Amino acid sequence: MSSRTLPLLFINLGGEMLYILDQRLRAQNIPADKAKKVMNDIITTMFNKKFLEELFKPQELYSKKALRTVFDRLAHASIMRLNQASMDKLYDLMTMAFKYQVLLCPRAKDILLVSFNHMDAIKDFVKDTPSVLSQVDETYRQLIEMYTPLSSGEFQLIRQTLLIFFQDMHIRVSIFLKDKVQNSNGRFVLPISGPVPHGTHIPGLIRMFSCNGEEVKRLQFRNGGNYTSVLREGSFEMFGERVIKLGTNMYSVSRPVETHMSGTSKNSAQKKSVNTAPNPLAKEELNMLARLMGGMEVQKPGNADSVLLCYEHCFNQQANAELAKIMGDFTEEAGEPCSSSANSKGDDLLAMMDGL
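Owing to the predicted nature of the structure, the values given are computational and were not obtained by experimental measurement. (Residues numbered from 1 in each chain as written. Predicted model: local features only at pLDDT ≥ 70, side-chain atom pairs only at ≥ 80, totals over all residues. Heavy atoms only, no water.)

### A word on the confidence of the model for the protein
Parts of the model with low pLDDT should not have their predicted coordinates read in detail.
Here comes step 1: Across the protein, the average pLDDT comes to 76, with 71% of residues at 70 or higher.
Here comes step 2: In this model, residues 254-278 is a region of pLDDT below 50 whose contacts with residues beyond four sequence positions or in other chains number 29 contacts.
Here comes step 3: Every residue in residues 292-343 is under pLDDT 50, and counting partners more than four places away or in other chains gives 111 contacts. (pLDDT = per-residue confidence, 0-100. Contact = heavy atoms within 4.5 Å.)

This is the structure in structure tokens:
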């Protein structure tokens, strides 16, 4: 188990959560300035300095229950409220999306590029808010400082730690089911074609060497797949082309589709590669989430610059004034808190979140 896994898990899951919430705000035609404030509130809390100082300390992963509670509170860091079914669906989408990304990473080190894709998108969400952007940039620098010096072996340990964390999660997601990358039992179907990891050769050749290191024989074999070479490596700097698209927003209109992930025919893949329309399967999944969330509406509780996103059956009208007053703070979820059996360090972090 790697003690450096938690920051990557948190940032990637947080990035997926922000993608989904941003899409729902847009779909409900919430005014841009109001939606922006909700996103800023969540991102400000997500990148709180004291919170991240604790998060970046070398430590074991928190229990699943403690981590879920962290995201419950993070999702409610603004005045937005979700009921239990909505939060369940949101968390399922977040976790399964990132699990799939980890499985598809050509190299263990590419998990960092996935993280940078999420960070790039988060920076774009707050590009017009310098105070929040500076918090995100500081976290970016911490990620680069902590992870870029790591060896391939250390990244492999991080990847194994993540997969162990996700191994019992087999939630079926309609986006993946209908794209035939997930079976009915919730397990993913991994491709046998596509680009090989950067720095490696397309399989199909065996070379044998003498004791002196001289090549003495070559054998070729059929690899059974349709592989391609990666011409360049993604950038591990704060600014640069990541090359891989894992971790980008699959709900975005302009997002290119990773055609080699789908396992479809070559002709179908070529058609997908030039299609910039929103993914209808992703839209369907979000529509299901929207039905669980209920109707979203904007109210003006006194202050014209405040927005109150109400979800049906989540809370009564008497709570509105209190929700507006505590906007931007983490709040206790209405459900059962983490039990004493949860990871103690996770409990410490939750206690810190209560004090933000």
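### Let's talk about helix H8 (residues 152-166)
Here comes step 1: Across its 15 residues, H8 extends 21 Å between first and last C-alpha, which sits within 8% of the 21 Å expected from 1.5 Å per residue.
Here comes step 2: Along H8, the positions that sit buried rather than exposed are Phe155, Ile158, Arg159, Thr161, Leu162, Phe165 and Phe166. The arc enclosing the buried residues of H8, seen along the axis, measures out at 160°, which places them on a common side.
Here comes step 3: On its buried side, H8 packs onto helix H1 (6-27), helix H4 (64-75), helix H5 (84-104), helix H6 (110-125) and helix H7 (130-147). (Helix = DSSP H or I, 4+ residues; strand = E, 2+ residues; numbered from the N terminus. Expected span 1.5 Å × (residues − 1). Buried < 20%, exposed > 50% of the residue type's maximum accessible area, 1.4 Å probe, protein only. Arc of directions from axis to C-beta.)

### Brief notes about the pairing of strand S2 (residues 205-209)
Here comes step 1: Examined bridge by bridge, S2 and strand S3 (residues 215-220) share five bridges and lie antiparallel to one another. Looking at S3, one finds that Arg207 is bridged to Arg218. (Pairing = 2+ DSSP bridges.)

### Considerations on the nonpolar core
Among soluble globular proteins, nonpolar side chains are generally buried collectively.
Here comes step 1: Counting residues in hydrophobic clusters, the biggest one holds 83 residues, and the most contacted among them are Phe10 and Phe71.
Here comes step 2: Residues in contact with Phe71, not counting those within four places in the same chain, are Phe10, Leu13, Gly14, Met17, Met87, Tyr91 and Met94. (Core = buried A, V, L, I, M, F, W, Y, C linked by side-chain atoms within 4.5 Å.)

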